[in-house]
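# Structural overview for review
What follows is each chain in one-letter form.
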Amino acid sequence: MTDDLPPHPALLPAGLRDLLPPEAEIEAAAVERLMAVFASHGYERVKPPLLEFEDTLLAGAGGAVAEHSFRLMDPDSHRMLALRSDTTPQVARIATTRLARAPRPLRLSYAGQCLCVRGSQLLADRQVAQAGIELIGAEGPMADAELVLVAAEALAAIGLARVSFDLTLPPLVPALLAAAGVCATAQSALLHALDRKDAAAVRQHGGALAETLTALLLAAGAAPGALAALAAADLPPEARSHAACLAATVAAIHERAPALKLTIDPIEFRGFRYHTGVCMTVYAPGRHEELGRGGRYLSGESEPAAGLTLFPDALLRAAARPAPRPRVYLAPGADPAVAAALRRDGRATIAALAPVADSVAEARRLGCAEILETDGLRAVTAE
Amino acid sequence: MTVASRIAAFAPQESVAPLILALPKGRILGECAPLLARAGVVPAADYADEESRRLRFPTNDPTLDVVRVRPFDVATFVAFGAAQIGICGADVLLEFDYSEIYAPLDLGIGLCRVAVAEPAETAGQQDPARWSRVRVATKYPNIARRHFGARGIQAEVVHLNGAMELAPGLGLAQVIVDLVQTGSTLRANGLVETTVIAPITSRLIVNRTALKTQPEAIGAWIARFRAALGQETDATAGEGRAR
């Protein structure tokens, strides 16, 4: 016998939570507003399943997220299944199989939940909502810029106008290291140092590249300064062409949204593991988390594609909370036609299921600011 | 185009709340003082007074406040964005390996090392290559596990917060992994340093997201500290102070 108490029924596994009123409704409404903006730019919605065969879900671009994925065995086929931890690889699979013959560029959108085996250092959440767009079969600065502009418009639609996009070039550092012939063991220490922007360790492990890498490391910041530093840096041809892509993307974004805040971090590559070109991360001032991320990758083996995923959980923490839906108590005998008109007007009506002694007190108890009785609508005064 | 009209520019007074600079209590705090002075940061006078109950101090700059916390907590405050900038030893960064911390500047102060030490009478008598495991007393469990793990040895860590030097003599552990500055504490307790795991200096650290969202403000502080470092050799490096 032990004295262990039975688990509390409210206790959930780490990183999982219940969304209650009003957050659950706010979240759903926000996701629909994001999706409406995506749809208005021609991004058509797809809905991949939660579970797929492990070997197809984690093939190709999905391989990069393999270590984040929950697995279970399918009792039916006896094959291993994996739960998606990211939606982009699923959309890429759809684009290369079922929609292989759909005309390019193919614009697809999605919204849904993902599960990761562990949370991040900052955030314990293991279930993460995603709402995103993929632009498949197109490349070049206009395509990359479109993702940023559509995402910015979607964020503005839920009240997040003051966001910034951090643009990065994950393939730049590998291109620099390859051109300099850095060996594999030195590479891993150097990549870790670059990831942590540890200037001292970059100098220690950087060898001939130390000066260039240190200059790029210090160049992170507002777009104009960072682009100038990239232009001035001593880059081999492949890295130079990546830098030119980035500059063209910045120009394309600024041409259409001159006020949008852009920062550039040329040596950032964290979390961008299947990406092949310009990538972006969305931030909001004063928030310590990423609101979204995306970038260029290969769909299937060879088709150019780019996508951007927003994280509704983080968006809702950053956005101002909308006014709650006003509630009206429908006393017995209230006119159903008037009640229907109130609902069309955006109110929620709370119908009395049985007569009560004091309708006003009942309305107050149920959180209603107004009451509809046989003689019409009136405000419920606070007690 | 509609996007342009719907996206507001960042207001010039972006961050109304002051930035927080986290400083470590104890040994390094004293060494920070000249550097802070050269960077033009003048915290309220009692910040260096370990007796003061105050933990948060205004500075001469209304956009910067200083907090004084334990060295290990500097990294935690900065990693979670509670402080945007901090000064802490590379030992703390090695131990926690927080992915949200950038360490853009080696301040060259707080020189010491993380090292393995053993009792003087037994040191060198065993061949560690033959060990499957070793019991280590340390306040750096991750550094200890990584160091021995890389040599094929499981480290059974006894996690202590201080007085590691007592552990071998009292049978708590075979070896210790600790910060060594002069080695006098080791000698006084009959221990000798057998392996240096890493040389340590203090770093200026910044929160990753803060650097992304406030690149001008954070970048200016990095530049200011860099200028302060170069000041002995470079007479023109005072531009940070002139801001």
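In this text, all values refer to a predicted model and were calculated from it rather than measured experimentally. (Residues numbered from 1 in each chain as written. Chains lettered and ligands numbered in written order. Predicted model: local features only at pLDDT ≥ 70, side-chain atom pairs only at ≥ 80, totals over all residues. Heavy atoms only, no water.)

Across its full length, chain B carries ten helices and eleven strands. Classification of the 243 residues of chain B by burial places 50% in the buried group. A separation of at least 24 residues holds for 66% of the contacts in chain B among residues at least 6 apart in sequence. Accessible surface, chain B: about 11300 Å² in total, of which carbon and sulfur atoms supply 54%. (Helix = DSSP H or I, 4+ residues; strand = E, 2+ residues; numbered from the N terminus. Buried < 20%, exposed > 50% of the residue type's maximum accessible area, 1.4 Å probe, protein only. Contact = heavy atoms within 4.5 Å. Areas by Shrake-Rupley, 256 points an atom, 1.4 Å probe, with all protein chains shown as cover.)

Right, let's talk about the domain arrangement of chain A for a bit. One frequent convention defines the size of an interface as the accessible area lost when the parts assemble. For chain A, the assigned domains read domain 1 (11-157 + 286-324), domain 2 (171-268) and domain 3 (327-379). Inter-centroid distance (C-alpha atoms) of domain 1 of chain A to domain 3 of chain A is 41 Å. (Domains from an automatic or database assignment.)

This part covers the side chain of A:Asp195. In this fold, A:Asp195 is placed in helix 6 (residues 184-195). Classification of A:Asp195 as buried rests on a relative accessible area of 12%. Among the polar contacts made by the side chain of A:Asp195, one reaches the side chain of A:Arg196 at a distance of 3.2 Å. Looking at A:Asp195, its side chain comes within polar contact range of the side chain of A:Arg270, at 3.0 Å. Those residues in contact with A:Asp195, other than ones at most four positions away along the chain, are A:Glu268, A:Phe269, A:Arg270 and B:Tyr102. (Polar contact = N/O pair within 3.5 Å; in protein donor to acceptor, adjacent residues only side chain to side chain.)

What follows covers helix 5 (residues 172-180) of chain A. Residues and elements named next belong to chain A. Looking only at helix 5, the buried set comprises Leu172, Val173, Ala175, Leu176 and Leu177. Among the structural elements, helix 6, helix 8 (210-219), helix 9 (223-232) and helix 10 (237-256) are those in contact with the buried residues of helix 5. At the C-terminal side of helix 5, Gly181 shows a positive phi close to 65°.

Residue and element names in this part refer to chain A. Formed by 71 residues in total, the largest nonpolar core has its most connected members in Phe38, Phe165, Leu194, Leu308 and Leu310. Looking at this core, the element that brings in the most residues is helix 4 (residues 141-157), giving ten residues. Residue contributions to this core reach at least three from each of two domains, namely domain 1 (11-157 + 286-324) and domain 2 (171-268). Beyond its immediate sequence surroundings of up to four residues, Phe38 is in contact with Tyr43, Ser109, Ala131, Gly132, Ile133, Val150, Ala154 and Leu310. (Core = buried A, V, L, I, M, F, W, Y, C linked by side-chain atoms within 4.5 Å.)

Before going further, it helps to spend a moment on the interface of chain A and chain B. Contacts between the two partners involve 40 residues from chain A, matched on the other side by 35 residues from chain B. Of the roughly 3300 Å² buried between chain A and chain B on both sides combined, carbon and sulfur atoms contribute 55%. Linking chain A with chain B are nine salt bridges, by the criterion used here. A salt bridge links B:Glu216 to A:Lys261; its shortest N-O distance comes to 3.6 Å. One can count 14 residue pairs in polar contact (both at pLDDT 80 or more) joining chain A with chain B. Put simply, the parts of the chain that give the side of chain A that touches chain B at least two residues each are helix 4, strand 7 (164-168), helix 6, helix 7 (199-205), strand 8 (221-222) and strand 9 (261-265) of chain A. Broken down by element, the side of chain A that touches chain B gets its largest block of residues, five residues, from helix 4 of chain A. (Buried area = accessible area lost by both parts, 1.4 Å probe. Salt bridge = Lys/Arg side-chain N within 4 Å of Asp/Glu carboxyl O.)

Here we come to the packing of aromatic side chains. All chains considered together, the criterion is met by six aromatic pairs over all chains. Ring geometry for B:Phe72 versus B:Phe96: centroids 5.5 Å apart, planes at 85°, classification edge-to-face. Of this pair, B:Phe72 sits in helix 3 (residues 71-79) while B:Phe96 sits in helix 4 (residues 90-96), placing them 24 residues apart in sequence. The exposure class assigned to B:Phe72 is partly exposed, which follows from its relative accessible area of 21%. Since its relative accessible area comes to 29%, B:Phe96 is described here as partly exposed. These aromatic residues form a ring-pair network of at least three members: B:Phe72, B:Phe80, B:Phe96, B:Tyr98 and B:Tyr140. The ring of A:Phe53 has A:Arg79 sitting right over it, with the charged end atom 3.7 Å from the ring centre. Lying over the aromatic face of B:Tyr102, A:Lys197 brings its terminal NZ or CZ to 4.3 Å of the ring centre. (Phe/Tyr/Trp six-rings, centres within 6.5 Å; stacked < 30°, edge-to-face > 60°. Lys NZ or Arg CZ within 6 Å of the ring centre and 35° of its normal.)

Attention now moves to the pairing of strand 11 (residues 202-207) of chain B. All names here are of chain B. Burial analysis of strand 11 places six of its six residues in the buried class, which makes it a mostly covered element. Alternating positions in strand 11 separate into two faces, Ser202, Leu204 and Val206 on one and Arg203, Ile205 and Asn207 on the other, with burial throughout. With five bridges joining them, strand 4 (residues 85-89) and strand 11 adopt antiparallel strand pairing. Bridging from a neighbouring strand, Ile87 pairs with Leu204 of strand 11. Where strand 5 (residues 101-106) meets strand 11, four bridges bridge the pair, whose relative direction is antiparallel. Looking at the pairing, Asp106 lines up with Arg203 of strand 11. (Pairing = 2+ DSSP bridges.)

Here we come to the pattern of salt bridges. Considering all chains together, one arrives at 37 salt bridges over all chains under this definition. Salt-bridge contacts for A:Asp125 lead to A:Arg317; the nearest nitrogen and oxygen are separated by 4.0 Å. With A:Asp125 in the loop between strand 5 (106-115) and strand 6 (127-136) and A:Arg317 in helix 11 (residues 312-318), this pair connects stretches of sequence that are 192 residues apart. Given the relative accessible area of 18%, A:Asp125 is considered buried. Residue classification places A:Arg317 among the partly exposed residues on the basis of a relative accessible area of 32%. A cluster of three or more residues bridged by salt bridges with shared partners is formed by A:Asp166, A:Lys197, A:Asp265, A:Glu268, A:Glu290, A:Arg293, B:Arg208 and B:Lys212.

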